[in-house]
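What the coordinates show
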Amino acid sequence: MKKNLTRKIIERHLVSGEMTAGKEIGIKIDQTLTQDATGTMVYLQFEAIGIKRVRTELSVSYVDHNTIQTDFKNPDDHLFLQSFAKKYGLYFSRPGNGICHQVHLERFGLPGKTLLGSDSHTPTGGGLGMLAIGAGGLDIACAMAGAPFTLTMPKVIGIHLTGALQPMCSAKDVILELLRRCTVKNGVGKVFEYYGEGVKTLSVPQRATITNMGAELGVTTSVFPSDEITREWLKLQERESGWVELKGDEGCSYDEIIEIDLNKIEPMVAQPHMPDLVVPVREIEGKPIVQAAIGSCTNSSINDLGIAADILDGRTVAPNVSLGVSPGSKQVYTSAIEAGIIKKLVKSGARILESACGPCIGMGFAPASKGASIRTFNRNFKGRSGTADAEIYLASPETAAASALFGCITDPRKVPVKMTDYTSKTEINDNMIIPPAPADKFDSLEIIRGPNIKPCPKAVPAPAEFEAEILIKTGDNITTDHIMPAGTRVLPYRSNIPEIAKFVFEAVSPGFYDRAKKAGTGVIIGGENYGQGSSREHAALAPMYLGVKAVITKSFARIHKANLVNFGIAPLTFENPADYDLLEQGMSLYFPSFMDDIRNGKRVKAVDRKSGREFYFLHDLEEKGVSLIEAGGMLNYIFKRQNG
Ligand code: MIC
Ligand code: SF4
């Protein structure tokens, strides 16, 4: 049988299950990555599992999200992560070394390997031919303990690339075009596999831009073949020995094929407040901006900075615009200094920010009130920038730089510059990566734990029956940023669930925390694609802590749904979608046979005792999922198994 690439990699890693789309499978995980904002919980959970050394081929702990250090909390978390990595066998990438996905691509990623990361943009590694998947923290902790990762066998969508990108059109425009066509809500249960002649025209960082933002499509992951271009990139990284050729068999089949002619791709922009509200730049040209930002794990490689520098060379950023540039990694930063890129940018008026996530996750560089900001990032959810009424546009480095120059959204084809390939300037220096201590040092090493680091709360086993208040009813496409915001005020509490729980649904529904506390037991009603976006398990963990027992929606995003189950919250959907209209915040629902219903079928009964009306909700949990709900989440489940 002719196989596509996704199938080949899964087959090589298959531990359990049948490779039929829609069926549950378990795969071996070769590598894991975490970042600081999700990492502290991952390691607290790993510690609770009680294993002394990671059991993967490679695990890396990065610090890139929260590096502002407004008080002790943040640096305390960094010290915890550093001491943990040393003791338990992980590499530690120090703050300043760069964004996890960019650094992993440069220094650790390998074609054909599986990578599980506690960050939704882990699929960046797909640019190197990895099967790289984002997941909740608890799944990473289990993978580090050597457990297979459970997922639904995906459908594989072939993205057939032909032609070559025209000048000033970029990889970002390719993925924006795909978002325009496919939207944020149709990717669940799919892998996007790129193939065809056009692949050869794209560098590894360009491929990584595309696979990175597959996260916004909602797909499980995206993958490119590993070819001569991949080999050249690994050679530049002095890691050529890790190269293997990988591709789908000639004539292999896909569940669906999407055609992209790169010749026809033009500069695109996503409008506020969703990454799929995409139009060609020319349609909204002239819209004034107050800010432009180049960086994030999507677009912060040396050529991304290089093209911006060349556009701005000898010119000055428009007086109404503040331009921020965050190099993706120390490697990008030092190489950009060598190549004269930073000088050109600074001379033009750009503000060079730290090599970290920074403004992408609302850590500084917030736009002015009602200000429009054009960013090379991947998410433009309302409020994520730190300014509630700001308008965030997503575009390529070419478009962002041209817009910064003219002070308004500008088609970069107006300022054509010759694309220079700056990759030959790559400087390799791993002095900011600390290797783990040898295993026999384990007992002598201490974990440094600041006062803001609190143990991960455990859920209580699911009740046989319960009465719960509807704490909130949301619309469609609710993101984990809505459920559990980030930014400078909230991120410092990622290691402290009782504190961070106070921010749940803060901007969407003020008073949620008090309502939940008062009710004691609650449920959430959602629309379609509930929980899209970030992998942050805090969006499940904090509601669990506040007594949420079930989330009932029209449909779920993949990672959030898995996170709910990991923390013992039942993800349910409407048997009759019209029931959505009958349920309102403040109503009370009685679940007379909750656990029996979950265990014995796919239908869960609830009653509004006031009106006597009955509702039926559905679940698609398989055996393991049912056990997790029953046990009150993954940690309880593991302990139960460990103690017989
Ligand atoms: C994001 O881009 O939303 C984040 C911040 O990187 C998250 C992880 C987190 O919330 O810590 C993600 O994408 O998973
Ligand atoms: Fe960091 Fe932004 Fe990438 Fe998330 S999307 S990993 S916050 S750069």
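Rules used in this analysis
- Residues numbered from 1 in each chain as written.
- Chains lettered and ligands numbered in written order.
- Predicted model: local features only at pLDDT ≥ 70, side-chain atom pairs only at ≥ 80, totals over all residues.
- Heavy atoms only, no water.
- Pairing = 2+ DSSP bridges.
- Helix = DSSP H or I, 4+ residues; strand = E, 2+ residues; numbered from the N terminus.
- Right-handed = clockwise from strand over helix to strand, strands pointing away.
- Near = heavy atom within 4 Å.
- Nonpolar A, V, L, I, M, F, W, Y, C, P; charged D, E, K, R; others polar.
- Buried < 20%, exposed > 50% of the residue type's maximum accessible area, 1.4 Å probe, protein only.
- Core = buried A, V, L, I, M, F, W, Y, C linked by side-chain atoms within 4.5 Å.
- Contact = heavy atoms within 4.5 Å.
- Polar contact = N/O pair within 3.5 Å; in protein donor to acceptor, adjacent residues only side chain to side chain.
- Areas by Shrake-Rupley, 256 points an atom, 1.4 Å probe, with all protein chains shown as cover.
- Expected span 1.5 Å × (residues − 1).
- Axes fitted to C-alpha atoms, helices over the stretch in contact; angles between N-to-C directions.
- Parallel < 35°, antiparallel > 145°, perpendicular 65-115°, else oblique.
- Left-handed = near helix turned anticlockwise from the far one by under 90°.
- Phe/Tyr/Trp six-rings, centres within 6.5 Å; stacked < 30°, edge-to-face > 60°.
- Lys NZ or Arg CZ within 6 Å of the ring centre and 35° of its normal.

Observations regarding the pairing of strand β16 (residues 322–325)
Inspection of the sheet shows strand β15 (residues 291–294) paired to β16 by four bridges, in the parallel sense. Bridge pairing in β16 links I294 to V325. Handedness of the β15-helix α11 (residues 302–312)-β16 crossover: right-handed. Inspection of the sheet shows β16 paired to strand β17 (residues 351–352) by two bridges, in the parallel sense. Its bridge partner being in β17, V325 is matched across the sheet by I352.

Things to note about the site of ligand 2
Inspection of the region around ligand 2 gives H65, H101, D119, H121, S296, C297, C357, C360, I361, N378 and R384 as its neighbouring residues. Each residue belonging to the shell around ligand 2 can be placed in one class, and the counts come to four nonpolar, five polar and two charged.

Some details on the pairing of strand β26 (residues 603–608)
Bridge count for β26 against strand β27 (residues 613–618) is six bridges, and the pairing is antiparallel. Across the sheet, the residue bridging to A606 is F615, located in β27. If you look at the hairpin formed by β26 and β27, you'll find four residues sitting between the two strands, and G612 has a positive phi there, around 80°.

Notes on helix α4 (residues 100–107)
Residue pairs three or four apart in sequence face the same way in an α-helix, which turns once every 3.6 residues. With eight of eight residues buried, α4 is to be regarded as a mostly interior element. Residues of α4 that are buried: C100, H101, Q102, V103, H104, L105, E106 and R107.

Remarks on the nonpolar core
In this structure, F591 and F617 are the most contacted members of the largest nonpolar core, which totals 110 residues. Beyond its immediate stretch of four places on either side in the chain, F617 contacts I552, L572, T573, F574, E575, L583, L589, F591, K602, R603, V604 and A606. Counting 39 residues, the second-largest nonpolar core is a separate cluster that includes I294, L312, I342 and A402.

Some thoughts on the site of ligand 1
Taken together, the neighbourhood of ligand 1 is formed by 14 residues, with H65, D119, S120, S535 and R536 sitting nearest. Between ligand 1 and H65, the relevant distance is 2.7 Å, taken from an oxygen atom to a side-chain nitrogen or oxygen of the residue. In this structure, R494 approaches ligand 1 through a side-chain N or O atom, which is 2.7 Å from an oxygen atom. Contact with the protein chains removes 97% of the 330 Å² of surface that ligand 1 exposes when unbound. Residue composition of the shell around ligand 1, grouped by class: two nonpolar, seven polar and five charged.

Quick notes on helix α6 (residues 171–182)
The end-to-end C-alpha separation of α6 is 17 Å, in line with the 16 Å expected for 12 residues at 1.5 Å each. Counting buried positions over the 12 residues of α6 gives 10, a clear majority of the element. Within the sequence span of α6, burial applies to A171, K172, D173, V174, I175, L176, E177, L178, L179 and C182. T183 lies just past α6 and shows a positive phi near 65°.

Observations regarding the sheet that holds strand β12 (residues 256–261)
Pairing is parallel in the open sheet, where four strands are placed in the order β11-β10-β9-β12. Here the strands that pair on one side only, and so sit at the sheet edges, are β11 (221–223) and β12. Averaged over all pairs of adjacent strands, the angle between their axes in this sheet comes to 20°, without regard to strand direction.

Considering the packing of α6 against helix α7 (residues 204–212)
One can describe the packing of α6 onto α7 by two numbers: an axis separation of 8 Å at closest approach and a directional angle of 25°. In terms of their interaxial angle, α6 and α7 are classed as roughly parallel. The chirality of how α6 crosses α7 is right-handed. Where α6 abuts α7, its residues A171, K172, V174 and I175 lie against Q206, T209 and I210. For the contact of α6 with α7, the class distribution of residues is four nonpolar, two polar and one charged.

So, the side chain of E216
Positionally, E216 belongs in helix α8 (residues 214–217). Among the residues examined, E216 registers a relative accessible area of 3% and is labelled buried. Residues within four places of E216 in sequence aside, it is in contact with H121, L179, V184, P275, N378 and R379.

Structural notes on the packing of aromatic side chains
The full count for this structure, using the stated rule, is 19 aromatic pairs. Aromatic pair F505 and F512: ring centres 5.0 Å apart, planes at 55°, arrangement tilted. We note that F505, like F512, is buried. Ring geometry for F574 versus Y580: centroids 6.0 Å apart, planes at 90°, classification edge-to-face. Here a set of aromatic residues connected by ring pairs shows up, and it is made of F466, F574, Y580, F591, F594, F615 and F617. A cation over a ring is seen here: K87 above F442, with NZ or CZ 4.2 Å from the ring centre. Just above the ring of Y590 sits the side chain of R609; from NZ or CZ to the centre is 3.7 Å.

Read these as geometric descriptors, not functional statements.
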